[in-house]
Amino acid sequence: PATFILAGIPGMEKLHVWISIPFCSMYLAALLGNGVVLFVVRTDRSLHQPMYLFLSMLAVADLMLSTTTAPKTLALLWFSAGEISFGSCLTQMFFLHFSFSAESVILLAMAFDRFVAICHPLHYAAVLTPSAVVKIGLVALLRSFCIIFPCIFLLKRLPFCGHNVIPHTYCEHMGIARLACADISVNIWYGLAVPVAAVVVDVVLIAVSYVLILLALFRLPSRTARHKAFSTCGSHVCVILLFYIPAFFTVLTHRFGQEVPPHVHILLANVYVLSPPLLKPIVYGVRTQQIKEKVVK
């Protein structure tokens, strides 16, 4: 079809304007918070270290994740501007899933950064050189692109027989595929197996990193040293939980929660793309002393 129609939140059309108020506030706060993090890291040379460079990458991915969906969602809620071209819908779908996958790789890189800093501190400067950080960033982009790009061709091959209303506030892979008048089993299996498998691998590797970190912490001689080392990991652990727990909850309810009302699915999906980008800068601002000092200054 030439265009799709985003229906918004079914059954809550009269509340669209009221729902837009917290969504808009969360989006503006996410822009401000991540923008401040990028500005502080960019302008302060003492923060040009792997940990803060990875944090900057995470902020860019968060800005991409929220900006991909929020402006169109707000236009829909405010002005009922639900029409979106087929190409724009595929583009939104691609960058939505791409930024999610890239964030997962960056969180894995941050876990590796903490592992090297605590378990092999003498080799930290030799392992995480500026070129290594750049290569890790390129790997995050390349892996995400290779995983998500086939979804575009999986959708373009499908025939659509006039059904062009998407019961959602933004375009995502299975939301588009379900409008097709053909077998979408390939889309279902690819959409479930490949991206989820990649994210699960990231989660397993992050868990292994933190098990090794905990074992190293228990071997430290003094309690003060253990507390100091663990505090450097605390903010990263909080960010990991903020990212993965809502993601897996959303995926599980979407796949297996048939009894959950559609408007709850859509509200959760919107909160998910807005709340982590909003909360991550707050977590790092509160728990990371260097960033807190620079922001206050």
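Treat the numbers as computed from the prediction; the structure is a model and nothing was measured.

Considering the packing of helix α2 (residues 50-79) against helix α9 (residues 262-287)
- Two elements in contact, α2 and α9, have axes separated by 9 Å at closest approach and are oriented at 145°. Here α2 runs over α9; the crossing is left-handed. Here Leu 55, Leu 58, Asp 62, Leu 65, Ser 66, Thr 69, Ala 70 and Thr 73 of α2 lie close against α9, whose contacting residues are Asn 270, Val 273, Leu 274, Pro 276, Pro 277, Lys 280 and Tyr 284.

Some remarks on the state of the cysteines
- This structure, assessed with the given rule, holds two disulfides.
- Across a sulfur-sulfur distance of 1.9 Å, Cys 89 and Cys 171 are joined as a disulfide pair. Because the sign of the S-S torsion sets the handedness, a value of about -110° for the bond joining Cys 89 and Cys 171 places this disulfide among the left-handed ones. Of this pair, Cys 89 sits in helix α3 (residues 86-119) while Cys 171 sits in the loop between β3 (165-166) and α6 (173-177), and the two are 82 residues apart along the sequence.
- Judged by relative accessible area, which is 0%, Cys 89 ranks as buried.

Overview of the sheet that holds β3
- One open sheet accounts for three strands, arranged β2-β1-β3; its pairing is mixed. Unpaired on one side and paired on the other, β2 (83-85) and β3 mark the two borders of the sheet.
- Its contacts with the sheet place α3 against β1 (3-6), β2 and β3, and it is angled at close to 85° to β2.

What about the UniProt feature "transmembrane region" (unreviewed entry) in the protein chain?
- The sites that carry the UniProt feature "transmembrane region" (unreviewed entry) are, in the present numbering, residues 15-40, 52-70, 132-155, 198-218, 230-252 and 264-284.
- Secondary structure across residues 230-252 divides into 100% helix and 0% strand, with the first and last C-alpha atoms of the span separated by 31 Å.
- Measuring from the first to the last C-alpha atom of residues 264-284 gives 30 Å, for a span that is 100% helix and 0% strand.

Comments concerning the environment of Ala 59
- On the secondary structure map, Ala 59 appears in helix α2.
- By relative accessible area, which is 2% here, Ala 59 ends up buried.
- Separated by 25 residues in sequence, Ala 59 and Ile 84 have C-alpha atoms that sit 27 Å apart.
- Among all residues touching Ala 59, those that are not within four sequence positions of it are Asn 34 and Leu 38.

Quick word on the nonpolar core
- In terms of nonpolar packing, the biggest core is built from 59 residues, with Leu 107 and Ile 206 touching the most fellow members.
- Mapped by element, the contributors of at least two residues to this core are α1 (16-43), α2, α3, α5 (130-156), α7 (185-218), α8 (223-256) and α9.
- Element by element, the count of residues in this core is highest for α3, at 11 residues.
- Leave out the neighbours within four places in its chain, and Leu 107 touches Leu 58, Ile 206, His 236, Val 239, Ile 240, Phe 243 and Tyr 244.
- Listed in part, the 28 residues of the second largest apolar core include Ile 84, Met 93, Tyr 190 and Ala 198.

Remarks on the packing of α3 against α5
- Where α3 meets α5, the axes come as close as 8 Å, and the angle between the chain directions of the two elements is 145°. In terms of crossing hand, the pair formed by α3 and α5 is right-handed.

A word on a nonpolar patch on the surface
- Taken together, the side chains of Val 200, Val 204, Val 208, Val 211, Leu 212, Leu 215, Phe 248 and Leu 252 make up a nonpolar region of the molecular surface, amounting to roughly 630 Å² of accessible area.
- Those elements giving two or more residues to the nonpolar patch turn out to be α7 and α8.
- Among the elements that line the nonpolar patch, the one with the most residues is α7, at six residues.
- Residue placement: Val 200 occurs in helix α7.
- For Val 200, a relative accessible area of 35% translates into the label partly exposed.

A closer look at the packing of aromatic side chains
- Applying the stated criterion across every chain, the model contains 16 aromatic pairs.
- A ring pair is formed by Phe 94 and Phe 95, whose centres lie 5.2 Å apart and whose planes are at 80°; its orientation type is edge-to-face.
- Take Phe 95: its relative accessible area is 34%, and that puts it in the partly exposed class.
- Aromatic side chains Phe 243 and Tyr 272 sit 6.4 Å apart centroid to centroid with 45° between the ring planes, which places their arrangement in the tilted category.

Observations concerning the pattern of salt bridges
- Taken as a whole, this structure holds five salt bridges when the rule is applied.
- Between Arg 114 and Asp 113 there is a salt bridge; the shortest N-O distance is 2.8 Å.
- Of the residues examined, Arg 114 reaches a relative accessible area of 9% and is grouped as buried.
- For Asp 113, a relative accessible area of 1% gives the class buried.

Description of α9
- In a regular helix each residue adds 1.5 Å, so 26 residues correspond to 38 Å; α9 covers 37 Å between its end C-alpha atoms and thus fits that length.
- A maximum bend of about 30° is found in α9 at Ser 275, where proline Pro 276 lies one to four positions downstream.

Criteria and cut-off values
- Residues numbered from 1 in each chain as written.
- Predicted model: local features only at pLDDT ≥ 70, side-chain atom pairs only at ≥ 80, totals over all residues.
- Heavy atoms only, no water.
- Axes fitted to C-alpha atoms, helices over the stretch in contact; angles between N-to-C directions.
- Helix = DSSP H or I, 4+ residues; strand = E, 2+ residues; numbered from the N terminus.
- Left-handed = near helix turned anticlockwise from the far one by under 90°.
- Contact = heavy atoms within 4.5 Å.
- Disulfide = S-S within 2.5 Å.
- Buried < 20%, exposed > 50% of the residue type's maximum accessible area, 1.4 Å probe, protein only.
- Pairing = 2+ DSSP bridges.
- UniProt positions renumbered as here; feature names shortened; annotations may be inferred.
- Core = buried A, V, L, I, M, F, W, Y, C linked by side-chain atoms within 4.5 Å.
- Patch = residues over 30% accessible without salt bridge, like charges linked within 9 Å, V, L, I, M, F, W, Y side chains within 5 Å.
- Areas by Shrake-Rupley, 256 points an atom, 1.4 Å probe, with all protein chains shown as cover.
- Salt bridge = Lys/Arg side-chain N within 4 Å of Asp/Glu carboxyl O.
- Phe/Tyr/Trp six-rings, centres within 6.5 Å; stacked < 30°, edge-to-face > 60°.
- Expected span 1.5 Å × (residues − 1).
- Bend = angle between axes of the 7 residues up to and from the residue.

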